[in-house]
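Coordinate analysis (summary)
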Amino acid sequence: MVGLIIALLTLLTFVQIEFQKDVFEKELEKRIVLMKSRLIDRGQILSDSLSDQVENGIASVNLSLVADQLRGAVRENKELHYIILMEASGRAYIHTLKPQLEMGVLSEKEDLFAADQKTATVNEYVSNGKPFMEFIMPIQVSAKPWGVLRLGFSLDLLNQEIVSSREESTRQIHEMITRLLITAAVFILIGACIVLFVSERLSRPLMHLTRLANELAQGNFAVSDNVKKNHPDGEIGALTTAFSQMARNLKISYDKLEEHSRTLEQNVRNRTSELAEARDQAIAADKSKSEFLSMMSHEIRTPMNAIIGMTRLALNTDLTAKQQDYLTKVQVSSRALLGIINDILDFSKIEAGKLELEAITFNLDDVLNDLCSLMSEKAEEKGLQIHFITADDAPLDLIGDPLRLGQVLLNLVNNAVKFTGHGGDIFIKIALADGGEQAGRADQIMLEFSVKDTGIGLTTEQIGGLFQSFNQADKSTTRKYGGTGLGLAICKRMVDMMGGAINVNSEIGKGSTFTFTGIFGQPYELSQKRAASRDAFRGVKALVVDGSETSRDVLCLHLETLFFQVTPVNTGEQAIQMLENASDEDPYRLVLMDWNLSKMDGISVARHIKNNLKITCIPHIIIVTTHSREDIVQRSNDLNLDGFLIKPVHSSALFSAVVEAFNQNNVDEYLSSQACHKRTENEKLNQIKGAKLLLVEDNPINQQIARETLEQEGFDVTIVMDGRDAVQKIRASYFDAVLMDLEMPIMDGYEATRIMRSESQFDDLPIIAMTAHAMNDVREKCLQIGMNGYVTKPIDVDELLRILIEFIKPGLRKAPGSGLAKATRQRQALLPELLPGIDVQQALKNVVGNVQLLHDLLLKFYGSFSDAQIRLDAFLQAGDVDSALKFLHAMKGVAANLAMPELKVCIEALEQTLINKQWKYGPELLTDFAGAQNRVLESIEQLYRSNDREITPT
């Protein structure tokens with residue numbers, strides 16, 4: 001209570017002090033304003049009087065009288081500090097403060113200010129630390145402006161009065177505060193006495209109740225008896241009665257609370273038991289789901305392995321054309337089904353939380369190269385052009401999961417190809433995300449990837465459910481486009497795992513743009529070689545020749561990032577003219593030439609440039625084409641070109657081609673290095689042919705597929721049915737490697753591997769899992785127990801061979817007398833290794849390895865087209881262009897299927913020329929066509945001679 005009184009009085013005192021201070025300060029401000037106003041009034045009166053005198057004196061041309069009057073006014077008036085009579089030009093006629101300035105032009109800022117005033121003005125300023133108030137009076141003579149009269153009053157006296165007034169006000173405020181504090185202290189003392197008196201009468205019974213309340217809080221509910229014994233009268237008595245009643249009620253409530261607590265504890269124990277049981281059931285369900293997923297993966301992939309493997313083996317046998325067609329379609333459909341199964345498996349892994357991202361160092365260009373290889377053929381079939389645009393500041397060396405990044409890009413690009421009509425464009429852009437230079441840590445970066453197409457587009461409703469599982473834009477039963485609806489859902493989950501986000505912008509009929517971001521690490525040591533090489537091309541003139549505006553713009557953008565000075569043209573004729581007109585001092589050093597140009601194709605233009613005497617500096621020429629590199633190389637082998645690029649072109653491939661072109665004048669070394677690399681791989685495979693392999697497999701179909709596949713590749717294969725037989729077999733015989741299935745009767749592959757690894761003589765024995773399981777945990781388990789490799793079914797033969805090359809020691813081995821030798825002898829009898837003008841390896845791939853079929857088709861080609869030159873000449877001489885085009889189109893299809901690249905390129909060039917009705921370079925194209933045709937016919941004649949058959953031309 002005392003504290004409350006003190007606080008209240010203190011607050012009131014403070015309020016009173018502030019109020020009084022405010023009153024005093026306002027009074028002081030009024031006094032200052034009044035003093036200043038009086039000074040202004042006095043100055044105004046004096047200024048008016050003196051200005052009249054000055055005007056009269058000037059009018060009477062009596063300046064000496066005016067000077068005396070003004071100086072007398074300064075002497076008589078203590079507040080007046082100076083007077084200046086100044087002409088409008090700034091010349092001072094009278095200056096009482098500084099006579100030496102008289103008749104001179106004044107140039108201080110206050111002088112300039114005064115000279116500009118046309119009316120009476122008061123100006124306050126500070127000069128040399130002293131304040132002044134200057135009255136400026138315009139002087140007119142004969143109603144014309146003459147100058148100004150300036151009266152300067154010192155404000156020192158005024159300021160002294162103001163200071164004195166402030167001191168007086170402060171003294172009064174201090175006296176007022178002292179009085180108020182004394183008054184407050186008196187009131188506080190009186191209030192304290194009153195409070196102490198009252199509290200003495202009330203505190204004793206209240207303190208007694210407080211002690212009882214503390215006991216009650218500690219659980220002593222018998223305090224009500226003590227309350228009754230000390231029961232005073234009055235208001236305190238009513239309080240003690242209520243306290244006693246409260247104690248009894250608390251005792252009743254406490255008893256009820258204890259009962260509820262016992263019941264609650266029992267309920268909690270029961271609920272905890274139920275939750276633990278539910279948790280165990282959830283764990284068991286998750287484990288069952290994973291086991292079911294693994295089992296279903298195995299069970300689905302096992303028959304898929306049989307379908308794909310048996311189809312591949314069947315295609316290597318003698319078949320009719322209809323059988324060949326049926327089996328080829330079965331194989332294509334099987335691969336499509338396997339893709340669907342992989343999508344479902346990936347989705348199930350994500351749902352189960354078993355899909356993890358790797359964190360390895362990789363180069364972004366490698367991912368783009370793989371994407372280009374996978375999608376270029378599909379895009380070419382639909383006449384689509386894929387364009388890669390990588391921002392100049394986007395890093396190429398990253399740390400992350402290149403496989404999953406490639407999977408997301410492949411899915412988006414595959415959709416773009418699927419939903420884009422013939423002749424459209426697809427743009428793949430990579431750049432730094434906005435604000436993503438450092439994504440949380442200094443060693444991380446966020447990249448933005450976008451895939452833009454010119455396809456059918458999406459509605460807002462379709463976009464809303466696009467990234468949901470098992471959802472498709474076209475849900476009708478007659479939908480044109482297939483798919484499971486899982487691809488984009490998987491992409492979204494993978495992008496989320498990369499720390500990014502995916503979205504889409506689309507408009508019906510105008511295409512869609514899918515954009516996603518991802519966070520990647522950056523290696524500490526980055527190569528600076530590319531940056532240094534790029535700077536070497538700064539200012540070099542380059543020419544881009546491409547009939548497609550989009551492709552031309554993209555190629556120009558790539559070159560500009562290398563600091564080239566780029567000029568685009570769309571025809572070969574324009575390119576030739578630009579090169580002929582180029583100056584000798586600054587010629588074009590590089591030409592990017594599309595092969596498929598109107599009028600003249602790229603090879604013809606390149607030949608014309610190489611042989612053109614008007615072009616003094618022959619530039620480096622790089623051919624850009626959608627066809628295979630071998631096709632163009634064979635047709636241009638006499639031109640000594642500087643490089644080849646296959647569309648779609650991305651920045652890294654272009655950079656490598658440009659660097660290579662400027663470092664050497666031809667690509668022979670590159671092609672030879674490529675061939676050398678291919679020969680090296682074949683040599684490595686030859687070094688392990690004849691190796692003894694133990695195949696541990698219980699499924700008879702899988703046994704047959706694996707045996708025949710491996711024997712065709714030159715391996716000696718022994719088969720056992722289970723792990724126990726495998727262990728006994730390797731103890732009895734030597735094997736170079738073991739191909740181990742995982743799930744088998746009697747003894748599975750895991751146990752068999754543990755036993756083999758427990759025996760020291762098998763420490764170096766390669767054991768490769770070959771199973772239909774495709775889960776990461778299965779792979780990790782295989783590697784943990786000692787297996788060296790892991791191959792999933794259906795078997796990818798190339799991957800299996802790569803693993804065998806990696807783990808089997810090379811050496812001289814006797815080739816087994818198997819189906820391989822028979823197949824090799826059959827091929828050598830029917831088909832030589834080298835046929836000029838024919839890519840034998842590609843032709844065999846086109847007929848799925850059927851040597852006999854390829855042999856027969858080549859002989860049929862000879863019978864049908866050996867007189868192609870005569871027939872074509874006849875059509876052209878008769879002017880029957882339509883018949884010539886039909887004939888060339890039919891011949892081109894056969895040449896493509898039988899892998900005659902040079903002939904196919906020449907036919908396409910002739911077709912293009914006939915379609916455009918341009919014959920300026922026609923004879924040269926006919927010569928190329930005749931040469932390519934003769935090389936193919938001579939090769940087929942070699943087939944006749946090698947089989948002791950006589951040629952009978954049709």
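Refer to the structure above for everything that follows.
Overview of the structure. (Residues numbered from 1 in each chain as written. Predicted model: local features only at pLDDT ≥ 70, side-chain atom pairs only at ≥ 80, totals over all residues. Heavy atoms only, no water.)

Before going further, it helps to examine the packing of helix H20 (residues 723–732) against helix H21 (residues 749–758). Across the interface, H20 lies against H21 with an axial gap of 8 Å and an inter-helix angle of 25°. Classified by the angle their axes make, H20 and H21 are roughly parallel. The hand of the H20/H21 crossing is right-handed. Between H20 and H21, the residues in contact are Gly723, Ala726, Val727, Ile730 and Arg731 and Ala752, Ile755 and Met756, respectively. Counted by class, the contact of H20 with H21 contains six nonpolar, one polar and one charged residues. (Axes fitted to C-alpha atoms, helices over the stretch in contact; angles between N-to-C directions. Helix = DSSP H or I, 4+ residues; strand = E, 2+ residues; numbered from the N terminus. Parallel < 35°, antiparallel > 145°, perpendicular 65-115°, else oblique. Left-handed = near helix turned anticlockwise from the far one by under 90°. Contact = heavy atoms within 4.5 Å. Nonpolar A, V, L, I, M, F, W, Y, C, P; charged D, E, K, R; others polar.)

Of all five residues that make up strand E13 (residues 541–545), five are buried, and the element is covered over most of its length. Neither face of E13 is left uncovered, since the one carrying Lys541, Leu543 and Val545 and the one carrying Ala542 and Val544 both have all their residues buried. In this structure, E13 lies alongside strand E14 (residues 565–569), joined through five bridges in parallel fashion. In the sheet register, Lys541 faces E14, and the bridge partner there is Gln565. Handedness of the E13-helix H13 (residues 549–561)-E14 crossover: right-handed. Taken together, the four bridges between E13 and strand E15 (residues 590–594) define a ladder with parallel strand orientation. Bridge assignment links Val545 to a residue of E15, and that residue is Met593. (Buried < 20%, exposed > 50% of the residue type's maximum accessible area, 1.4 Å probe, protein only. Pairing = 2+ DSSP bridges. Right-handed = clockwise from strand over helix to strand, strands pointing away.)

Together, Ile182, Val186, Ile190 and Ile194 make up a nonpolar patch on the protein surface, roughly 380 Å² of accessible area in all. Tracing the backbone through its elements, the reader meets Ile194 in helix H4 (residues 156–217). (Patch = residues over 30% accessible without salt bridge, like charges linked within 9 Å, V, L, I, M, F, W, Y side chains within 5 Å. Areas by Shrake-Rupley, 256 points an atom, 1.4 Å probe, with all protein chains shown as cover. Salt bridge = Lys/Arg side-chain N within 4 Å of Asp/Glu carboxyl O.)

Before going further, it helps to spend a moment on the sheet that holds strand E1 (residues 80–87). Sheet strands line up and pair through hydrogen bonds in the backbone, either parallel or antiparallel. One open sheet accounts for five strands, arranged E2-E1-E5-E4-E3; its pairing is antiparallel. Here the strands that pair on one side only, and so sit at the sheet edges, are strand E2 (92–95) and strand E3 (121–127). Averaged over all neighbouring strand pairs, the angle between strand axes comes to 20°, with direction disregarded. Across ten bridges, strand E4 (residues 130–141) lies against strand E5 (residues 144–154) in antiparallel orientation. Within E5, the position partnered with Met137 by the bridge is Leu149. In this fold helix H2 (residues 63–76) packs onto E1, E2 and E5, with an angle of close to 155° to the strand it touches most, E1.

So, on to the nonpolar core. In this structure, Leu405, Phe449 and Phe516 are the most contacted members of the largest nonpolar core, which totals 42 residues. Mapped by element, the contributors of at least two residues to this core are helix H8 (364–381), strand E7 (385–390), helix H9 (402–418), strand E9 (425–432), strand E10 (444–453), helix H11 (487–497), strand E11 (502–507) and strand E12 (511–521). Contacts of Leu405, omitting those with residues within four sequence positions, involve Phe362, Leu364, Val367, Phe449, Met498, Phe516 and Phe520. In this structure, Leu831, Met891, Ile907 and Leu914 belong to the second largest nonpolar core, which totals 36 residues. (Core = buried A, V, L, I, M, F, W, Y, C linked by side-chain atoms within 4.5 Å.)

This paragraph deals with the packing of aromatic side chains. Scanning the model with the defined rule gives 13 aromatic pairs in all. Judged by centre distance (5.4 Å) and plane angle (40°), the ring pair of Tyr93 and Trp146 falls under tilted. Of this pair, Tyr93 sits in strand E2 while Trp146 sits in strand E5, and the two are 53 residues apart along the sequence. When its relative accessible area of 23% is taken as the criterion, Tyr93 is described as partly exposed. The class for Trp146 is buried, based on a relative accessible area of 17%. What links up through ring pairs into an aromatic cluster is the set Phe362, Phe449, Phe516 and Phe520. When the ring centre of Phe563 is taken as reference, the NZ or CZ atom of Arg538 above it lies at 4.1 Å. Between Lys692 and the ring centre of Phe735, over which it is positioned, the NZ or CZ distance is 5.4 Å. (Phe/Tyr/Trp six-rings, centres within 6.5 Å; stacked < 30°, edge-to-face > 60°. Lys NZ or Arg CZ within 6 Å of the ring centre and 35° of its normal.)

The values are spatial; any link to function lies outside them.
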